[in-house]
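Descriptive structure summary
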Amino acid sequence: MQNIEQLYINGQWINATGNESLSLINPATEQIFATVTTASDNDVESAILAARQAFPSWSSSSAAYRAELMNTIADEMQKDYQAFVDAHVEMIGCPISIAGAFHVDCPIEAMRYYAKLAANMEQTEQQGSALLTKEAVGVCAFINPWNYPLHQLIGKLAPALAAGCTIVAKPAEQTPTADLYIARILHRVGVPAGVFNLVFGRGSEIGPQLASNPDIDMISFTGSTRAGVEVAKNAAASVKRVCQELGGKSAYIITEDADLTASVRYGVEDVMGNTGQTCNALTRMLVPASKLQQIIEIATACMNEQVIGDPLLEATTMGPLVSALQQQKVLEYLAIGQAEGATLITQDLPSSCANGFYVAPAIFANVTPDMRIAREEIFGPVLCIISYDDIDQAIEMANDSEYGLSSAVYAKDKASATQIAKRIRAGQCYLQGSYFTIDAPFGGYKRSGNGREWGEQAMAEYIETKAIICD
Ligand code: NAD
């Protein structure tokens, strides 16, 4: 068993001095595979100080230098590809056959993508009498969840490095390993001391310290809306920039004239991916009432193609949920949905899943928009099918949510899907079965957050604009 007892601070591996040891549990076996010593307040202070001291030199380094380092980081990530895959299998139970595509490919691509964008930092623009220059926002704190550990770290780290920011990162309690591997890579390739610092511990303890510390200029938080609100409150007094990437309950409109088999398959696979633990999962499938029965049949057949079981087996397409807590939460929602009168369609769990935090993939039919299962984020492999009478009602239903992270439309063709997409209040809208891409800005409307990750827009989170005026 691995004991993770060191933090990465100021370019060195330092023994953590917190008073807790967190156990990391393999969700497929329920066995502890590592322990992690938490950071004390003093450790976190040291990390912030290191990032503050490294900032002047890193932020004034040339974009070409930072880009070269970032490309070398991407090369090293590629060399460690299998270690990242194995880490995701062990930490979150992702099936080995899909872990690379789901969790590792995009982060490597993103490191190279933002390396190219580093050069933008040196471009200036004349606006009237003002010369506009870009500067790094400063010391950034990253707090991330457990569902896409590497992806979420790199979604923040790559644009921040490109902009010239320095960093203190705190991964989720359950998933520190990918961050640890990244710290090792950054150390190996010679990223200057203090540019990236890594601390481990509970969000409820380290989170408020990072959010409130005046030496941190920006905090990028990804996680639940509940914790995101806490972060914003704790950050308010220091007037730092806060980027929040929060929860979702995304709607997917299938129109009457869409290709039903293709559209329904896309929706079911989207929700079942990563065992439903995806913030932008299209968990509300809005379908024409006239096609409801047909759609339920197609959806059930697609759901039954999922092979749930041991993530180490090549044939497995769906692993367990991340933790006993998450399993409990999803099981509660399955009970709530039935009590609300929705029809549950699900598989029997194979006997091999008796151990591990497994929940069988599920579809709720006959869901109405007022039900809790249609309004609250379940964060498991549970699809709600809701029927509508006409497209205006479908759009109204799509927008009738406190969230606005993502959405999708499958219509007869791209042109008609685009018309519907324009009327949906969400940060993204995927048309005709499209997939996530790192060059598209990603972020929420409403209580799904503010700010944007990915795409060129992500750089803006890490940049201050200076106006130099000479009239
Ligand atoms: P969570 O909010 O419980 O935890 C996320 C992170 O926040 C963890 O690192 C945790 O330690 C930390 N944290 C907890 N309390 C905190 C506090 N008071 N102050 C500061 N940090 C605190 O969320 P989770 O259960 O780990 O993740 C699932 C949630 O994340 C879902 O709601 C999901 O939709 C959301 N999510 C959003 C995105 C996005 O890009 N919008 C991406 C992935 C996940």
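Bear in mind the structure is a predicted one, so any value in this text is a computation, not a measurement.

**Description of the overall build of the protein**
Along the backbone of the protein there are 15 helices and 23 strands. Taken across its 471 residues, the protein has 58% of its residues classed as buried. A separation threshold of at least 6 residues defines the contact pool for the protein, and within that pool the share at least 24 residues apart is 73%. Accessible surface computed for the protein: about 18400 Å², of which carbon and sulfur atoms make up 50%.

**Notes on the side chain of Q347**
Within the secondary structure, Q347 is located in the loop between β15 (343-346) and β16 (362-367). Those residues in contact with Q347, other than ones at most four positions away along the chain, are M303, N304, Q306, I308, A360 and P361.

**Focus: the domain arrangement of the protein**
Domain assignment breaks the protein into domain 1 (2-246 + 449-469) and domain 2 (251-438). Spacing between the C-alpha centres of domain 1 and domain 2 amounts to 30 Å. Here domain 1 and domain 2 share an interface that buries about 2300 Å² over both sides, 63% of which is from carbon and sulfur atoms. The interface formed by domain 1 and domain 2 contains zero salt bridges. Run the count over domain 1 and domain 2 and you get ten residue pairs in polar contact (both at pLDDT 80 or more). Looking at the side of domain 1 that touches domain 2, the element that brings in the most residues is helix α4 (residues 96-117), giving ten residues. Split into classes, the residues belonging to the side of domain 1 that touches domain 2 amount to 19 nonpolar, seven polar and three charged.

**Looking at the sheet that holds strand β1 (residues 2-4)**
Spatially, the three strands line up as an open sheet ordered β1-β5-β4, and their pairing is mixed. Two strands in the sheet have a free side with no partner beyond their single neighbour: β1 and β4 (21-25). Along the sheet, successive strands turn relative to each other by an average axial angle of 25°, direction set aside. Here β4 runs beside strand β5 (residues 32-37); their pairing, made up of five bridges, is antiparallel. Within β5, the residue paired with L24 across the bridge is A34.

**Looking at the site of the ligand**
In the region of the ligand, 28 residues are neighbours, and N144, Q152, S224, L246 and E377 sit closest. E377 places a side-chain nitrogen or oxygen 2.5 Å from an oxygen atom of the ligand. Broken down by secondary-structure element, the contributors of at least two residues to the shell around the ligand are α7 (203-212), β11 (218-222) and α8 (225-236). Considering each element in turn, the shell around the ligand owes the most residues, four residues, to α8. Taken together, the residues of the shell around the ligand sort by class into 13 nonpolar, nine polar and six charged. If you count residues domain by domain, the shell around the ligand takes at least three from each of domain 1 (2-246 + 449-469) and domain 2 (251-438).

**Looking at the sheet that holds β16**
In a beta sheet, neighbouring strands are held together by backbone hydrogen bonds and run either parallel or antiparallel to one another. The strand order across the open sheet built from seven strands is β15-β16-β17-β14-β13-β19-β20, with neighbouring strands paired in mixed fashion. The strands lining the two open edges of the sheet, one partner per strand, are β15 and β20 (430-431). Two elements, β16 and strand β17 (residues 382-388), share four bridges in a ladder whose sense is parallel. Bridge pairing links V367 to I386 in β17. Against the sheet, helix α10 (residues 292-304) engages β14 (284-288), β15, β16 and β17, with an angle of about 170° to β16. In this fold helix α13 (residues 391-399) packs onto β13 (251-254), β14 and β17, with an angle of close to 140° to the strand it touches most, β17.

**Details of helix α1 (residues 41-59)**
Because each turn of an α-helix spans 3.6 residues, side chains separated by three or four positions end up pointing in the same direction. Compared with the 27 Å implied by 1.5 Å per residue over 19 residues, the 26 Å span of α1 between its first and last C-alpha is a close match. Along its length, α1 reaches its greatest deviation from straightness, about 30°, at Q53, and the proline P56 lies no more than four positions downstream. Residues of α1 that are buried: D43, V44, A47, I48, A50, A51, A54, F55 and W58.

Reading guide: rules and limits
- Residues numbered from 1 in each chain as written.
- Predicted model: local features only at pLDDT ≥ 70, side-chain atom pairs only at ≥ 80, totals over all residues.
- Heavy atoms only, no water.
- Helix = DSSP H or I, 4+ residues; strand = E, 2+ residues; numbered from the N terminus.
- Buried < 20%, exposed > 50% of the residue type's maximum accessible area, 1.4 Å probe, protein only.
- Contact = heavy atoms within 4.5 Å.
- Areas by Shrake-Rupley, 256 points an atom, 1.4 Å probe, with all protein chains shown as cover.
- Domains from an automatic or database assignment.
- Buried area = accessible area lost by both parts, 1.4 Å probe.
- Salt bridge = Lys/Arg side-chain N within 4 Å of Asp/Glu carboxyl O.
- Polar contact = N/O pair within 3.5 Å; in protein donor to acceptor, adjacent residues only side chain to side chain.
- Nonpolar A, V, L, I, M, F, W, Y, C, P; charged D, E, K, R; others polar.
- Pairing = 2+ DSSP bridges.
- Axes fitted to C-alpha atoms, helices over the stretch in contact; angles between N-to-C directions.
- Near = heavy atom within 4 Å.
- Expected span 1.5 Å × (residues − 1).
- Bend = angle between axes of the 7 residues up to and from the residue.

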